Amino acid sequence: MSAGRVLILGLGPGDAALRTPQSTAALAEATDLVGYGPYLDRVAAAPHVVRHPSDNREELSRARHALSLAEAGRVVAVVSSGDAGVFAMASAVFEAVEAGDPAWRRLDIAVCPGISAMLAVAARVGAPLGGDHCAISLSDNLKPWPLVLQRVRAAAGAGFVMAFYNPLSRARPWQLGQVLSELRTLLPGDVPVVFATAATRPEERITVTTLAEADPALADMRTLVLVGSRETRAIAREDAAPWVYTRRDARTR
Ligand code: SAH
């Protein structure tokens, strides 16, 4: 029978040093690479390795394709950026397994953890995730916009530091602006906000500002936006951007 496998892995945020050795080893075993084209471009592979690049929105068909290849005996690396389990391909693969051919449940499927954007960004600015925090995707491709707003309000109301993935897209340039306006009604204006674009890559751009001054124009599709809580502090420095950290203690309000 086939010795096909599915190796689901994240490439990390960009810097090659932030790709885990386990993910690198998984890539070295793969006969096939499946993923969004620009992510596959970040992978150097031997000439015999078959690349199956696809468009960003085709996650489920991409996942089924990977499972079919593994069923035929291939060793398939399913590649995401950051961590494959955070707004990425790992869930799509399991969704396809649950709804698909029962034979897929017998496949050897392994998930390798990766460094997600929010962890990389947090490390670049200090320790903003040191207290309770959450991650919210602002994309409304897979959920209705009112639900996004409901979750943002609940998280802000409960005092979580929030990491916003997919802050805006070409089709929906207004999403982040609406979220920031909403947050200004719920949180003090001096709460630190971090815009980190292409963190850990050569073109990295990081801006530390406040909720009152946060300008959605600082974000694009490669940006992670971190909005602090009442326990989040910015430590000013003379010749450098402030450190941002969140106190570990918090009070009820
Ligand atoms: N699986 C990925 C997230 C995919 S969703 C992870 O764990 O990081 C895509 C979103 O991730 C982008 O819109 C952006 O918000 C964020 N992102 C990914 N890489 C990033 C980077 N290097 N710097 C800042 N944000 C990044």
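So, here is what we can say about the structure in this document. Everything quoted here is computed from the prediction, not taken from an experiment.

The next thing to look at is the pattern of salt bridges. If you walk through the whole model with that rule in mind, you get 10 salt bridges. D108 is the partner of R5 in a salt bridge, and the nearest nitrogen-oxygen pair spans 3.4 Å. Here D108 lies in strand β5 (residues 108-112) and R5 lies in strand β1 (residues 5-10), a separation of 103 residues in the sequence. Ionic pairing is found between R251 and D249, a salt bridge with its closest N-O pair at 3.9 Å. On the basis of relative accessible area, R251 is assigned to the exposed category, the value being 63%.

For the rest of this paragraph, the subject is the nonpolar core. What tends to happen in soluble globular proteins is that the nonpolar side chains get buried as a cluster. L138, V152, M162, F164, L183 and V227 are the most contacted members of the largest nonpolar core, which totals 25 residues. Contributions of two or more residues to this core are made by β7 (133-137), α6 (145-157), β8 (161-165), α7 (175-184), β9 (192-197) and β11 (223-227). The leading source of residues in this core is α6, at 6 residues. Setting aside residues no more than four positions away along its own chain, L138 makes contact with W145, V148, V152, F164, Y165, N166, P167, Q175, L176 and V179. Counting residues in each nonpolar core, the second largest holds 19 residues, with V34, A63, V78 and V93 among its members.

About the thresholds
Here the residue numbering is sequential within each chain, running from 1 through the sequence in written order. Residues qualify for local features only when their pLDDT is at least 70, as the model is predicted, and side-chain atom pairs are given and counted only at 80 or more; totals for whole chains, interfaces and linings, by contrast, use all residues. As a convention, hydrogens and water are excluded, and side-chain values are obtained from all of the structure's heavy atoms. Within this document, salt bridges are pairs made up of a side-chain nitrogen of Lys or Arg and a carboxyl oxygen of Asp or Glu, the two lying within 4 Å of each other. Secondary structure follows DSSP: runs of H or I at least 4 residues long count as helices, runs of E at least 2 residues long count as strands, and numbering of each begins at the N terminus. Here the term buried applies to any residue with accessible area under 20% of the maximum for its type, exposed to any over 50%, and partly exposed to those in between, with areas from a 1.4 Å probe on protein chains only. What makes a nonpolar core is a set of buried Ala, Val, Leu, Ile, Met, Phe, Trp, Tyr and Cys residues whose side-chain atoms join them at distances within 4.5 Å. Whether two residues are in contact is decided by their heavy atoms: any pair within 4.5 Å suffices.

That's the geometry; what it means functionally is another story.
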